[in-house]
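# Chain and residue survey
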Amino acid sequence: MQQYSSLPDQNSQIDATPKLLTTIQQLRAQLWLESSLNQLQSRLNDCLLSACNTVPQAGAAQAEIFQTVVNEINSAVHSSNLALTDCAVGIALFQPQETVATVCYVSRSPSPNSQPLFLEVLTAEKKLLLRLQEVIELEDLQQLENQQPPSAWRLADDSGSVMGWLIIAAAPLSSDRESLIESQAQLRSQLMARSAKYCTTALLQLRHILSWQQRYEHLSSSNQELERTNQLKNQFLANTSHEIRTPLSSIILSSDLLLAPGYEPTRERQQEYLNIIQSSGKHLLALINDILDLSKIEANQLEVQWETIDVPLLCSNVLALVKEKAANKGLRLRLELEPDITTLVADPLRLKQMLLNLLFNALKFTSIGSVGLQVAPKGVFVHFTVWDTGTGISQEDQVQLFQPYFQIAKAVAGGVEGTGLGLSVTRKLAQIHGGSVKVESEVDRGSRFTLILPLKQEAEVGGDEGAGGAGEAGGAGEAKFSSSPLPFTPSSCVDILLVENDLPNAGLMQIYLQKLGYQVTWVKNATEMWEALTQLDPAVILMDVYLADGNGLELVQQLRENRQYRAIPVIVQTAMAMKGDRETCLAAGVNDYISKPIDLPLLKSLIAKYSTAPTEVDGEWGR
C-alpha cells in the first residue's frame, strides 16, 4: 500500500521561506503606507481646523496645505525602514491658458548635507531639476504623468480644472533585485497617488470653509449694521420725540390757557401766548425741514441748483435776516468782505441756509459783544468765517459738534433752544458743494466757524433759473414770491374757490384772504367743488390734494380736460413736501404749489400773481 505523509518535504520547506519573507515585507510596506497616509490626513485636518479657527487669507491657507503635503511625503519616505530610494517632492502650480507650470513648493532636506531639491526628474528626452521657481513645460508634466512608473500626479479642483501637479524626483535604486525595484516603485506610486487625492480633497474642504466663513462674516457684518441702524433709529425717535414734544407742549399749554373757561387774560398776556404759539410752530417747522434735509442728503437725493452768486449781496441779505435777533440781545453785527471776492458758483438757497445756521448759532451762544461774518478768498476757495464773542466750546464738545442731535450740555441746561441738526446739515451741505466746515473755539473766548467752498463747480452753471426751487418744497421757488410780492390790490369782486378738507386750515385761510379783500367760497370735497363751479367763476382755485371723496391732482386733470374750466389757475396747498412732490403736482396740470404749513405772505403773492384777468392768445388762455 502506498503511504502518504502530511509533512512537507524538504524542497517545499526551502521554497516556503522566501514566500513568508515576501508576505511579511508586503505587510510592513502596507502598514507603512497606511500609517503615512493617516499621518498626512491628520496633518491636513490640523490645517483645516486652523483655518476654521483663525479665518486666514485664502492664499495663506492653501499654501499651508501644499507645503504640508510635500513635507509629510518627504518625511514618510526618509523615515521608513523599507529602503526606499532617496527622493524629493514638490508641487508645480499651473495657471489656466498657460503652457508652463512653476514649482512653488518643495520638501525640506532630510539632513543638512543632503540636496534633494536638485535630484533629476527623468523624461523621454530631457532631465529636469526639482527646485523652487523651476519652470516645467506642460508637455513634460503630462509625459511624467503618463510614464511608468509615473512621476507626476494631477491636483484638480471640484470642477475638474487642473491646479497643478504633485511631483516626485527619485534617485535610481541601488538594489540588484528587479522584484524589489518594482515593488518599491509601486509603493511609491500608491503613496503619491493617494496623497494627491488627499491634497485635492483638503483643498476642496478649505474652499468650503472659506466660503462659509465669508458668508458668516457677511451675515455678522449685516447683523452689526442692522443693530447699528436699529440703535440710530431708536436714537432718532427718542431725540425727535423730545424735540417735537417741547414746542408742542408750549403750543398746547398756551392755547389751553387762552381757551380756559373763566380765565380772561389781558391783551398783553394774549399777545404773549400767541407769540409763544407762533415761535413754537416755527421751531417745529424748522425741525421738520432739518430732518427732511438730513434724510435727503443721507439718501443722496438732495438736488443742488448751481448759480453764479453775488457774494456781497447774499451776505448783506443774510445779515439782514438776523439783524433783529442781534438787536434784541444788544449785539453788534459786523460784515467784513475782501474786495477780491465778488462771485461764487453755488446753490444760493443752500448757501444762505448754511450761513444762517452758523449765524443763528453764534447769536444763540453770545450774550455780550459782537457777531460777525468775514469773507475772504483763499486760492481756489472762499472762506466764510462766522465769529462771535460768546461762551465758546470745549475740546470734548468740539469732537461731537457735527453729530446729528448733539447739543452742548450747558446750553441745554441753560434753556437754549435748538434741534441739534443745524451743524450736521451744514457740514453735509458743504461737502455736497465740494467744501468743508471747521471750528476753532476756546471756552469763554468765543468761536470761529469757517465754511470753505470752492469758487467754481464742475457742474454746468445757468440753465432753467425757475428750476432753482422746483425740487424743494417751500424752497427757492416759493421764497422768490415771498421776498418780492407782486403789487396788487384785490377787489371784493375777485372770487377764490377754496377746496380744503381740513377745517382749521380752511377757516384760517378763508379769514386771511377775506381780510385781503377777496371773496372766498370754501368747499370740503370734490362733489361740492363741481356744484360750486356751476354757480361761480373763480379767478383762482386753491386745491387740497387729499380729499374725502377724491384725489386733488385727479380733479386738476379733470378740470384741464374740461374746456369750460381749463383756463382757471389752480394752486395746490398740500402737506406733500418730499422730493419730487412739487414736480408731481406740476405734471398734473397745476399752476403752482405751496406746502403746508401755509406761508401766508407767500399765499398772498401767489393769489396776486394768478388772479389777474386772463387773456386769450392763439386760442390758448394765459395770465
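Below: a short report on this structure. Predicted model, so just to flag it, every value in this text is computed and none were measured. (Residues numbered from 1 in each chain as written. Predicted model: local features only at pLDDT ≥ 70, side-chain atom pairs only at ≥ 80, totals over all residues. Heavy atoms only, no water.)

This part takes up the sheet that holds strand 1 (residues 87-94). Within a sheet, neighbouring strands are paired by backbone hydrogen bonds and run either parallel or antiparallel to one another. Taken in spatial order, the five strands of this open sheet run 5-2-1-7-6, and their pairing is antiparallel. Each end of this open sheet is capped by a strand with a single partner; those strands are strand 5 (135-137) and strand 6 (152-156). For this sheet the average axis-to-axis angle between neighbouring strands, irrespective of direction, equals 35°. Bridging between strand 1 and strand 7 (residues 162-170) involves seven bridges; their strand directions are antiparallel. Residue pairing across strands places Ile91 opposite Leu166, the latter belonging to strand 7. Running over the sheet, helix 2 (residues 58-78) touches strand 1, strand 2 (100-106), strand 6 and strand 7 and is turned about 160° from strand 1. (Pairing = 2+ DSSP bridges. Helix = DSSP H or I, 4+ residues; strand = E, 2+ residues; numbered from the N terminus. Axes fitted to C-alpha atoms, helices over the stretch in contact; angles between N-to-C directions. Contact = heavy atoms within 4.5 Å.)

Taking 1.5 Å per residue, 17 residues should reach 24 Å; helix 7 (residues 348-364) reaches 24 Å between its end C-alpha atoms and fits that length. The element helix 7 is extensively covered by neighbouring structure, given that 12 of its 17 residues are classed as buried. All buried positions along helix 7 are accounted for by Arg350, Leu351, Gln353, Met354, Leu355, Leu356, Asn357, Leu358, Leu359, Asn361, Ala362 and Leu363. Where helix 7 begins, the side chain of Asp347 points an oxygen toward the backbone nitrogen of Leu349, at a separation of 3.0 Å. (Expected span 1.5 Å × (residues − 1). Buried < 20%, exposed > 50% of the residue type's maximum accessible area, 1.4 Å probe, protein only. Polar contact = N/O pair within 3.5 Å; in protein donor to acceptor, adjacent residues only side chain to side chain.)

Moving on, we come to the packing of aromatic side chains. Ring pairs (aromatic) are described by centroid distance and by the angle formed between their planes. Overall, the coordinates contain three aromatic pairs when judged by the stated rule. Taking 5.9 Å as the distance between ring centres and 75° as the angle between the ring planes, the aromatic pair formed by Phe94 and Trp165 counts as edge-to-face. Note that Phe94 is positioned in strand 1 and Trp165 in strand 7, a separation of 71 residues in sequence. Arg427 extends its terminal NZ or CZ atom over the ring of Phe402, reaching a point 3.8 Å from the ring centre. The ring of Trp522 carries the charged tip of Lys524 above its face, separated from the ring centre by 5.6 Å. (Phe/Tyr/Trp six-rings, centres within 6.5 Å; stacked < 30°, edge-to-face > 60°. Lys NZ or Arg CZ within 6 Å of the ring centre and 35° of its normal.)

In the sheet, strand 6 pairs with strand 7 via five bridges, with the strands oriented antiparallel. In the strand pairing of strand 7, Ala152 is matched with Ile167. In this antiparallel pair of consecutive strands, strand 6 and strand 7, the connection spans five residues, and Gly160 shows a positive phi of 95°.

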